[in-house]
Amino acid sequence: MPYTAEISRANPTCLLFLIDQSGSMQDPFGSGEPVKKKAEAVADAINRLLQNFVIKCAKDEGVRDYFHVGVLGYGVEVGTAFGGALRGRELVPISDIANYPARIEERVKKVDDGAGGLISQNIKFPVWFDPIANGGTPMCQVLQHAQRIISEWLKAHPNCFPPLVVNMTDGESTDGDPSEAAQALKNLKSSDGETLLFNLHLSAQACTPIEFPDTELGLPDQYAKQLFQISSALPEATRKIAQQEGYRVSANTRGFTFNADMVAMIKFLEIGTRPSNLR
Amino acid sequence: MRIEHSALFLPKRGNTAAEYEDAFSYQLQGAEVARCAIADGATESSFAKLWAELLVNAYSQDANLAPQWADLQARWSASARNSAQPLPWYAEAKLAHGGFAAFLGLEITPEKWQACALGDCCLFHLRNSELQQAFPLQTSQEFNQSPFLVSSQDTWKNIAKHLAWLENTWEEGDEFFLLSDALACWCLQQHEQHNPDLWQQLRDLNPDTFPEFIANLREQQQLRNDDVTLVHLRVHAVTS
């Protein structure tokens, strides 16, 4: 059965994020206060996700390399998006992610004071990736770049849990129809199954997100339908997680969310990337 | 009252013996009361082995964990913090999440036995090689990847709400198996498939044969690759 391989230090898997850095990512995201630009919200979400992954892999003796992680940006340029000591690196073992954030910011978090109120608490917020918004949306090019990286990874890890690629964008590709490049990426496989491609479309306006759909009916335009079509079906374990979180799922449910707001984005990333078979 | 006992354990395939995160403990001396406990430290928490050991050792001294709770939490936190100074940012964040473990305790007195459990470590009570009761899970379908576990950050009040209890009487020669989840799930599957040799197979295991037995089950994908612990007890009414 595919998508059941163990994720262990001896058999790690990889996660690759493709981040739209086009000019429109400067636009405000959702209706929250204070208003954030989409690029800032995405950077926060990715930094938070990396932080959670490091913490997940932290054990008594340090951080276990269950995952190798990469972030590619696409806008004026297509390339790796890590800052600091990891600049220029494509797939990085999670222990290096843990030990080399570009910087650690102090942020204020409101926490429950146990008596019905909120108190401010200073927390450490490591940052690996900063927001950029400039240029077009060369989605075909970034998918081809991802294909090269994943192909190399699979040569070295032929029996891994299949790689997961998460594409985060607010719009349409400006270098052509991404279907072919997406299919070529998904055709790359380990002995446990094909590479997974999930797509997260970020909302330009405040409207209800369409989360984990199993049909393209109800999607408003050809670009949304295109992103749905290039998204992989959720593997069974991920489908179960989505179901436990209250989503209605079927065998056709795709790793796709349309018009995501901040909450939908974070839930999508959390559900889509949650491993069920760490050893 | 006299209790024969044996215990077998093995880490996950691919992990070293030091990375085994289950724990077990027994206090079987004395005619009045005997105790045994096993715990399964959760892979995704750190210092899970430490937490599992603290729990089983505390229970085998005194089955009432309520008055010991604050001390157990403090000891877990202090030992974990002493592991490195200063703690890297991720270790600090992970400690705030706490240690997690599934837990099963069994107390036997000359009149009866009583068990308490939280999570998916299981007890099997046998009489004349017939399964009398499985506790707290009764079927192999009940195992899932995310049971509620004993957390070092939780209040005792909340833990106590989730604890399951069972008690019954025992007779001369009754047996108990205490198993961590992977092997417990396999046992229930075998029992459901009416494997007549199941309990004899488990009884016959020893430290020399156990690794191969487990490796074969893992190889045949009958057993999830997880830490494995098996404690076997047989109770006798007389001391001889």
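First, a word on what this report is: a plain description of the structure on this page. (Residues numbered from 1 in each chain as written. Chains lettered and ligands numbered in written order. Predicted model: local features only at pLDDT ≥ 70, side-chain atom pairs only at ≥ 80, totals over all residues. Heavy atoms only, no water.)

### Notes on the side chain of Asn47(A)
Residues and elements named next belong to chain A. Structurally, asparagine 47 can be placed in helix H1 (residues 38-57). With a relative accessible area of 2%, asparagine 47 lands in the buried category. Reaching out from asparagine 47, the side chain makes a polar contact with the backbone nitrogen of tryptophan 128 at a distance of 3.0 Å. In contact with asparagine 47, not counting residues within four places along its chain, are Phe125, Pro126, Val127, Trp128 and Phe129. (Helix = DSSP H or I, 4+ residues; strand = E, 2+ residues; numbered from the N terminus. Buried < 20%, exposed > 50% of the residue type's maximum accessible area, 1.4 Å probe, protein only. Polar contact = N/O pair within 3.5 Å; in protein donor to acceptor, adjacent residues only side chain to side chain. Contact = heavy atoms within 4.5 Å.)

### What to know about the interface of chain A and chain B
Opposite the 24 residues of chain A that make contact, chain B presents 20 residues. Counting the surface lost from both chain A and chain B, the interface buries some 1,800 Å², and carbon and sulfur atoms represent 51% of this. Viewed at the interface, chain B and chain A are joined by five salt bridges. The salt bridge partner of Glu44(B) is Lys56(A), with a shortest N-O separation of 3.9 Å. Our enumeration of links across chain A and chain B arrives at 13 residue pairs in polar contact (both at pLDDT 80 or more). With five residues, H1(A) is the single largest residue contributor to the side of chain A that touches chain B. (Buried area = accessible area lost by both parts, 1.4 Å probe. Salt bridge = Lys/Arg side-chain N within 4 Å of Asp/Glu carboxyl O.)

### Regarding the packing of aromatic side chains
Enumeration according to the criterion identifies 20 aromatic pairs over all chains in this entry. When the ring of Phe228(A) is compared with that of Phe256(A), the centres are 6.3 Å apart and the planes differ by 70 degrees; the resulting orientation is edge-to-face. Placement of the pair is Phe228(A) in helix H5 (residues 222-230) and Phe256(A) in strand S16 (residues 256-260), with a sequence separation of 28 residues. Classification of Phe228(A) by relative accessible area gives buried; the value is 4%. Residue classification places Phe256(A) among the buried residues on the basis of a relative accessible area of 0%. On the numbers, 5.6 Å between centres and 85 degrees between planes, the contact of Trp89(B) with Tyr90(B) is edge-to-face. Judged by relative accessible area, Trp89(B) falls into the buried class, the value being 9%. Of the aromatic side chains, those joined through ring pairs into one cluster are Phe198(A), Phe212(A), Tyr247(A) and Phe268(A). In this arrangement the basic side chain of Arg107(A) is found over the ring face of Phe125(A), its NZ or CZ atom lying 3.9 Å from the centre. Residue placement shows Arg254(A) over the ring face of Phe228(A); its charged tip is 4.6 Å from the ring centre. (Phe/Tyr/Trp six-rings, centres within 6.5 Å; stacked < 30°, edge-to-face > 60°. Lys NZ or Arg CZ within 6 Å of the ring centre and 35° of its normal.)

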